[in-house]
Number of protein chains: 2
Amino acid sequence: MLQEYKKKFSEHVRLLQNEITEKMQGMDVELTLNEDLWKRSDFNDHPGGGGITRAFEGDLFESAGVNTSEISGAIDPKFAKNLQGEGSELWAAGISLIIHPYNPKVPTVHANFRMIVQGDKYWFGGGADLTPYYPIEEDFIYFHNVWKQACEPYGCFDEYKKWCDTYFTNSHRNDEMRGIGGIFFDHLNTGDLETDFNQVVDISKSFIKSYFPIVEKRMNETYTDDDVEFQLHRHGRYVEFNLIHDRGTLFGLKTKGRIDSILISLPKRCMYTYRYAPKEGSPHEKMQSYYKPKDWV
Amino acid sequence: MLQEYKKKFSEHVRLLQNEITEKMQGMDVELTLNEDLWKRSDFNDHPGGGGITRAFEGDLFESAGVNTSEISGAIDPKFAKNLQGEGSELWAAGISLIIHPYNPKVPTVHANFRMIVQGDKYWFGGGADLTPYYPIEEDFIYFHNVWKQACEPYGCFDEYKKWCDTYFTNSHRNDEMRGIGGIFFDHLNTGDLETDFNQVVDISKSFIKSYFPIVEKRMNETYTDDDVEFQLHRHGRYVEFNLIHDRGTLFGLKTKGRIDSILISLPKRCMYTYRYAPKEGSPHEKMQSYYKPKDWV
């Protein structure tokens, strides 16, 4: 049965990848798509699966990656010990995406849904989180509401929302969040594979609805140089989180993942300034105050 | 005696900080200096030393940090176990500097000289490395030659040069180096404190000579948009190294260092592009080929 669900999950993430690709292409006429099919060799240098990396560059979507992968085989035994299951044979499939729009009024989004099998044990993980650069509260409420509805049948929103607030946090920056949260979950295994599978697949289907209506609403808004400066500094914090804290990035590096596919998550342009702070009384100062846990619904 | 050398080392790095500050101010009339004196509380929340952070922004030197610190007190016991000495009481003093010039023809430089005492055990570490963005070989030879001469009396150049080539390496990027190397050393303790102290202080005095003549030679050279684009992508790799691999950054985060002083090392502007590669036949492609161990002298 596990075999059957592995196959179904792989198929599901590839379908979702195609749907998201089509959606993006429909919205950004200048969007170029660079697709790379890659293969991996495992820790013992045997064939170990691979993936489909789709890198986008456009006018609306400055840089984006919508990737799927299905890897299998041996991993570093030291690393394997830190995981949930037994042994150093791993299978993992998932979709991972990050979209960094050009216009600072349009938020960055990240989402990921994965199924992992180590030895006899399976588990699911995933989530979606928003990183806005301008304090348009109705968008933040909308985003959280979509995920709340998606989680409703499973009674998991409160838990997953809290988990997200804790996870996407720059602990080295006084626990400032990367963005304004969303949902995050890991190690989902109730013992009932069919139920767990259905829950994750069902939740993942809300991604398009959670994000693209916000893009459509904001993509033609004007913006200032100050808006861009704030956005680029927040891009800098995004890089800090991904390179210092993100378990997904670490997982990729430790399992000999394809480096270009992993670091596709980094925004095209970013800035660092010593003791950077947004201007007093600016909308950016207000936005800054939202990078902490907050009940948006 | 250890007490006396701790004091002398602290004084030395502060003098060096002042000399470098004056040198930079003399070269960049638009240079602004933001000086912060900070104090640290140790792992038990007792007073634990502090530092002098000097952040620069200018026309020639786009962003730079020339910092000294002297910290003392308790550190995380788990982290203490990974160090050379015994116990979780630590004393450390040093100078750490990074200069990122605006003009891509002028290389970035980093240098660091430190003395650490854990329990009864002392050791020194340090080095200097260059990150150029344009293939001006004579500058790379000059930089290495200065450090070779500085190391001559101690017979340590070959060892320190090799150590540098190994250390400043993005292992996740196929062992590509951050720049073109220089010298690096750590855990220097021959058992003769006076000799070790004199060696490190003496070597550190070559910093000004190793770098600023290169700046003077290149600061008025013209450059193209392609030069800037290559520079900003290399800035991106610089950020990757510092946040993923750099022990100094990790040391700062683990010892509850001041985050703004630690991350001052990041360049002001940087770029990431999926599968970025310099144009074929360009000087940048040539420069790219130099980010690996090479005998420059």
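See the structure shown above.
Attention in this report is confined to the structure presented alongside it.

Rules of the game
- Residues numbered from 1 in each chain as written.
- Chains lettered and ligands numbered in written order.
- Predicted model: local features only at pLDDT ≥ 70, side-chain atom pairs only at ≥ 80, totals over all residues.
- Least-squares fit on C-alpha atoms with pLDDT ≥ 70 in both.
- Contact = placed C-beta atoms within 7 Å.
- Core = buried A, V, L, I, M, F, W, Y, C linked by C-beta atoms within 7 Å.
- Buried ≥ 20, exposed ≤ 12 C-beta atoms within 10 Å, placed from the backbone.
- Pairing = 2+ DSSP bridges.
- Helix = DSSP H or I, 4+ residues; strand = E, 2+ residues; numbered from the N terminus.
- Axes fitted to C-alpha atoms, helices over the stretch in contact; angles between N-to-C directions.
- Parallel < 35°, antiparallel > 145°, perpendicular 65-115°, else oblique.
- Left-handed = near helix turned anticlockwise from the far one by under 90°.
- Nonpolar A, V, L, I, M, F, W, Y, C, P; charged D, E, K, R; others polar.

## Some thoughts on the relation of the copies chain A and chain B
Superposing chain A onto chain B takes a rotation of 180 degrees combined with a translation of 0.0 Å along the rotation axis, leaving an RMSD of 0.0 Å. In symmetry terms, the pair is related by a two-fold rotation axis. If distances are taken from each C-alpha of chain A to the rotation axis, the shortest is found for Cys270(A), at 2.7 Å. In this assembly, 100% of the residues forming the interface of chain A have copies in chain B that are likewise at the interface, indicating an isologous arrangement.

## Observations concerning the nonpolar core
Within the largest apolar cluster, 138 residues are counted, with the highest numbers of intra-cluster contacts made by Ile183(A) and Ile183(B). If we skip the residues at most four places from it in the chain, Ile183(B) touches Gly127(B), Ala128(B), Trp147(B), Cys151(B), Tyr160(B), Lys161(B) and Cys164(B).

## A look at the sheet that holds strand E4 (residues 89–101) of chain B
Residue and element names in this part refer to chain B. In spatial order, the strands read E1-E2-E3-E4-E5-E6-E9; together these seven strands make up an open sheet with antiparallel pairing. Because the sheet does not close on itself, it has two edges, and the strands there are strand E1 (32–41) and strand E9 (182–188). Within the sheet, the average angular offset between the axes of one strand and its neighbour, ignoring direction, is 5 degrees. Alignment of strand E3 (residues 61–74) against E4, held across 13 bridges, turns out to be antiparallel. Looking at the pairing, Ala-74 lines up with Glu-89 of E4. Sheet contacts for helix H3 (residues 137–151): strand E6 (121–131) and E9; angle to E9, the most-contacted strand, approximately 35 degrees.

## Some thoughts on the pairing of strand E3 (residues 63–74) of chain A
All names here are of chain A. Of all 12 residues making up E3, 10 are buried, and the element is well covered by its neighbours. Turn length for the strand E2 (residues 47–57)-E3 hairpin, with the two strands adjacent in sequence and antiparallel, is five residues. Bridge count between E3 and strand E4 (residues 89–100): 12 bridges; the pairing is antiparallel. Across the sheet, the residue bridging to Gly-73 is Leu-90, located in E4.

## With respect to the sheet that holds E4(A)
All names here are of chain A. With antiparallel pairing, the seven strands of this open sheet are ordered in space as E1-E2-E3-E4-E5-E6-E9. The two strands at the open ends of the sheet, each matched to only one other strand, are strand E1 (32–41) and strand E9 (182–188). Direction aside, the axes of adjacent strands within the sheet are offset by 5 degrees on average. Where helix H1 (residues 2–27) meets the sheet, it contacts E2, E3, E4, strand E5 (108–118) and strand E6 (121–131), and its direction lies at approximately 15 degrees from that of E4. Its contacts with the sheet place helix H3 (residues 137–151) against E6 and E9, and it is angled at close to 35 degrees to E9.

## Observations regarding unusual backbone geometry
Residues and elements named next belong to chain B. Here Asp-45, not a glycine, exhibits a phi torsion of approximately 65 degrees, which is positive. Relative to the elements of secondary structure, Asp-45 occurs in the loop between E1 and strand E2 (47–57). Asp-45 gets classed as exposed once you count the C-beta atoms within 10 Å, which come to 10. The phi dihedral of Asn-174 falls on the positive side, at around 60 degrees, and the residue is not glycine. Looking at the element boundaries, Asn-174 is found in the loop between strand E7 (169–170) and strand E8 (176–177).

## A look at the packing of H3(A) against helix H6 (residues 207–218) of chain A
What describes two packed helices is the angle between their axes and the distance between those same axes. Residue and element names in this part refer to chain A. Contact geometry for H3 and H6: axes closest at 8 Å, N-to-C directions at 160 degrees. Here H6 runs roughly antiparallel to H3, going by the angle between their axes. As for the relative orientation of H3 and H6, their crossing is right-handed in sense. Where H3 approaches H6, its residues Asp-139, Tyr-142, Phe-143, Val-146 and Trp-147 are matched on the opposing element by Lys-209, Ser-210 and Ile-214. Residues that form the contact of H3 with H6 fall into these classes: five nonpolar, one polar and two charged.

## Some remarks on the interface of chain A and chain B
Taken together, the contact between chain A and chain B spans 24 residues of the former and 24 residues of the latter. With four residues, the top contributor of residues to the side of chain A that touches chain B is helix H7 (residues 225–245) of chain A. The class makeup of the residues in the side of chain A that touches chain B is 14 nonpolar, four polar and six charged. Pairing of strand E10 (residues 269–271) of chain A with strand E10 (residues 269–271) of chain B involves three bridges; the strand directions are antiparallel. Looking at E10(B), one finds that Met271(A) is bridged to Arg269(B).

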